[in-house]
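Coordinates in review
Now for the letters of each chain:
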Amino acid sequence: MISGAAFSTAALRSTSLSRVHPVSRLGGLVLGLASSMLAGPITLAVIAVALIFVLTRTGLGPKDQTAALKPWRGASILILLIHVFTSTWAAPLWHPSVAGLLAGVKALARVACTIGWLGLYLRTSSLDDLVLGTHWWLRPLSRLGVPTQDLGLVLAVALGTVPGVLGEGRRIETVVRLRRTGPLKATGDIQTRNFLKGKYDSLLDKVRVVIPLLETLVRRAETLSLSLRTRRPVTVCGSTGSTTGPSIVQLTVLVLWFAALVWFGIGHPGVRWD
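Here's what I pulled together on the structure shown here. Small disclaimer: the values here were computed from a predicted structure and weren't measured. Each chain has its residues counted from 1, running along the sequence as written. Only residues with pLDDT of 70 or above have their local features reported here, since the model is predicted, and side-chain atom pairs are shown and tallied only from 80 upward, although totals for entire chains, interfaces and linings are computed over all residues. Heavy atoms throughout the structure, all of them, feed into the side-chain values; hydrogens and water do not.

1. Thoughts on the overall build of the protein chain
When helices and strands are tallied, the protein chain shows nine helices and two strands. Numbering of helices and strands runs from the N terminus, with a helix taken as a DSSP run of H or I at least four residues long and a strand as a DSSP run of E at least two residues long. In the protein chain, the order of α-helices and β-strands from amino to carboxyl end is α-α-α-α-α-α-α-β-β-α-α. In the protein chain, which comprises 274 residues, the proportion classed as buried is 26%. Per element, the accessible surface of the protein chain, about 18100 Å² overall, is 69% carbon and sulfur. Only protein chains enter the accessibility calculation, which uses a 1.4 Å probe; a residue whose area is less than 20% of its type maximum is buried, one above 50% is exposed, and one in between is partly exposed. The Shrake-Rupley method, run with a 1.4 Å probe sphere, supplies the accessible areas, and residue values consider only the shown protein chains as cover.

Below you can see the structure in the form of structure tokens.
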């Protein structure tokens, strides 16, 4: 049985970003997300083009990027409709307006940039990198009694469980779908299935997955505590193999980036980035 985690949208290429310290990469992710939330239309366009270029360099081409955004189509249409019909500053409520449409496009651009930043981080960082970066940034909290040394264990269990659950759920759903037989109506040499019946059967298959999936998770949870009782992920190395903190140059770039966000986004909210 092939695990669901074995499937990938595109092969990963080694880039210069992979050689950046994991602490700097995590800090850049947070600042990049903040930049996407505060930027104006022109700056959002620049960020989007830059993300498309960098993702392409990692091996995820424009075609794969477009395919990765397909699950967001329904939410995108909903966001556009909400802005078109509820932008009361441009037109009365439930009256469509061009300004509302542009506001919806801007909101979608923010969502797309956010997904792009997260996708870029996933393609350049591993779970060990995330553990190391989170532990390094939250070290000051250890003085307040926060058990930061256990963050690696928490992240490893939480994030490492997600792919396994998804793969197991897809496997069970596939088995249920293969075992189910639905009524087919023959018309000559062509067999057609009723559309609503097919949708109902698909929804019923997803409901049937819940109970066996929960049983599988319970069985794994019983052995998880035993296997992790004397283990703790190491938080002093990432995919770069580094045992020290980020370089002065990388920290300087992060500080300047953060200062720019504070200056334009918080200190001077009336100053637009575009």
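2. Details of the environment of Leu38
Inspection of the secondary structure assignment puts Leu38 in helix H1 (residues 22-38). Along the primary structure Leu38 and Leu261 are separated by 223 residues, whereas in three dimensions their C-alpha atoms are 8.0 Å apart.

3. Some points on the packing of aromatic side chains
Centres within 6.5 Å make a pair out of two Phe, Tyr or Trp rings, where for Trp the six-membered ring is used; the pair is then stacked when the planes are under 30 degrees apart, edge-to-face when over 60, and tilted otherwise. Applying the stated criterion across every chain, the model contains two aromatic pairs. Between Trp117 and Trp257, the aromatic rings sit 6.1 Å apart at their centres with planes inclined by 50°, giving tilted as the arrangement. Taken together, the positions of Trp117 in helix H5 (residues 98-124) and Trp257 in helix H9 (residues 248-267) put the pair 140 residues apart, joining distant regions of the chain. Judged by its relative accessible area of 16%, Trp117 falls in the buried class. Assessed through its relative accessible area of 26%, Trp257 is described here as partly exposed. An angle of 85° between the planes, with centres 4.9 Å apart, marks the rings of Trp136 and Trp137 as edge-to-face.

4. Describing helix H6 (residues 127-137)
One turn of the α-helix equals 3.6 residues, which is why residues spaced by three or four share an orientation. Buried within H6 we find Asp129, Leu130, Val131, Leu132, Gly133, Thr134 and His135. As for H6, its buried residues are in contact with H1, H5 and helix H7 (151-179). Contacts were defined at the residue level, with two residues in contact if any of their heavy atoms lie within 4.5 Å.

5. Section: the pattern of salt bridges
Only one rule defines a salt bridge in this text: a Lys or Arg side-chain nitrogen within 4 Å of an Asp or Glu carboxyl oxygen. For the structure on display, the rule yields two salt bridges. The partner of Asp129 in a salt bridge is Arg25, with the nearest N and O atoms 3.1 Å apart. Placement of Asp129 in helix H6 and of Arg25 in helix H1 is noted, with a sequence separation of 104 residues between them. Judged by its relative accessible area of 0%, Asp129 is buried.

6. Some points on unusual backbone geometry
Although it is not a glycine, Trp94 sits at a positive phi angle of roughly 70°. Tracing the backbone through its elements, the reader meets Trp94 in the loop between helix H4 (73-86) and H5. Look at Trp94 and you get exposed, because its relative accessible area is 59%.

7. Concerning the nonpolar core
Where a protein is soluble and globular, its nonpolar side chains tend to be buried together. Throughout, nonpolar core names a set of buried Ala, Val, Leu, Ile, Met, Phe, Trp, Tyr and Cys residues whose side chains join them through atoms within 4.5 Å. Ranked by internal contacts, the top residues of the largest apolar core, which has 15 residues, are Ile47 and Leu51. Those elements that place two or more of their residues in this core are H1, helix H2 (41-57), H5 and H6. Once you skip the residues sitting within four places of it in the chain, Ile47 turns out to touch Ser35, Ser36, Ala39, Cys113 and Trp117.

8. Looking at the packing of H6 against H7
Lines fitted to C-alpha atoms define the axes, with helix axes restricted to the stretch in contact, and inter-axis angles between N-to-C directions lie between 0 and 180 degrees. Put simply, H6 and H7 touch, their axes get as near as 9 Å, and they point 145° apart. The hand of the H6/H7 crossing is right-handed. Along the contact surface, H6 presents Leu127, Leu130, Val131 and Thr134, while H7 presents Leu151, Gly152, Leu155, Ala156 and Leu159. Amino acids outside the nonpolar list (Ala, Val, Leu, Ile, Met, Phe, Trp, Tyr, Cys, Pro) and the charged list (Asp, Glu, Lys, Arg) are all regarded as polar, and Gly is one of them. When grouped by side-chain class, the residues that make up the contact of H6 with H7 number seven nonpolar, two polar and no charged. Two helices cross in a left-handed way if the nearer one is turned anticlockwise from the farther one by less than a right angle. They cross in a right-handed way if the turn is clockwise.

9. Quick notes on the packing of H4 against H5
The N-to-C vectors of H4 and H5 enclose an angle of 145°; their axes lie 7 Å apart at closest approach. Between H4 and H5 lies a crossing of right-handed hand. Contacts between H4 and H5 pair Ser76, Ile79, Leu80, His83 and Val84 from the former with Gly100, Leu101, Ala103, Gly104, Val105, Ala107, Leu108 and Val111 from the latter.

10. Quick word on the side chain of Glu168
Turning to its location among the elements, Glu168 is positioned in helix H7. Nitrogen and oxygen atoms within 3.5 Å of one another constitute a polar contact, given that in protein one can donate a hydrogen and the other can accept it, and given that sequence-neighbouring residues count only through two side-chain atoms. Polar contacts involving the side chain of Glu168 include one to the side chain of Arg171, which spans 2.6 Å. Every residue in contact with Glu168, bar those within four places of it in the chain, is listed here: Leu213, Thr216 and Arg220.

11. Focus on the environment of Gly104
Its place among the elements puts Gly104 in helix H5. Here Gly104 falls in the buried class, since its relative accessible area comes to 0%. In sequence terms Gly104 and Ile79 are 25 residues apart; their C-alpha atoms lie 6.2 Å from each other. Beyond its immediate sequence surroundings of up to four residues, Gly104 is in contact with Ile79, Leu80 and His83.

12. Some details on a nonpolar patch on the surface
Taken together, the side chains of Leu141, Leu144 and Val146 present a nonpolar region at the surface, about 270 Å² in accessible area. Relative to the assigned elements, Leu144 resides in the loop between H6 and H7. Note on Leu144: relative accessible area 70%, which makes it exposed. The residues that make up patches have over 30% relative accessible area and no salt bridge, and they are joined within 9 Å when like-charged or within 5 Å when they are Val, Leu, Ile, Met, Phe, Trp or Tyr.

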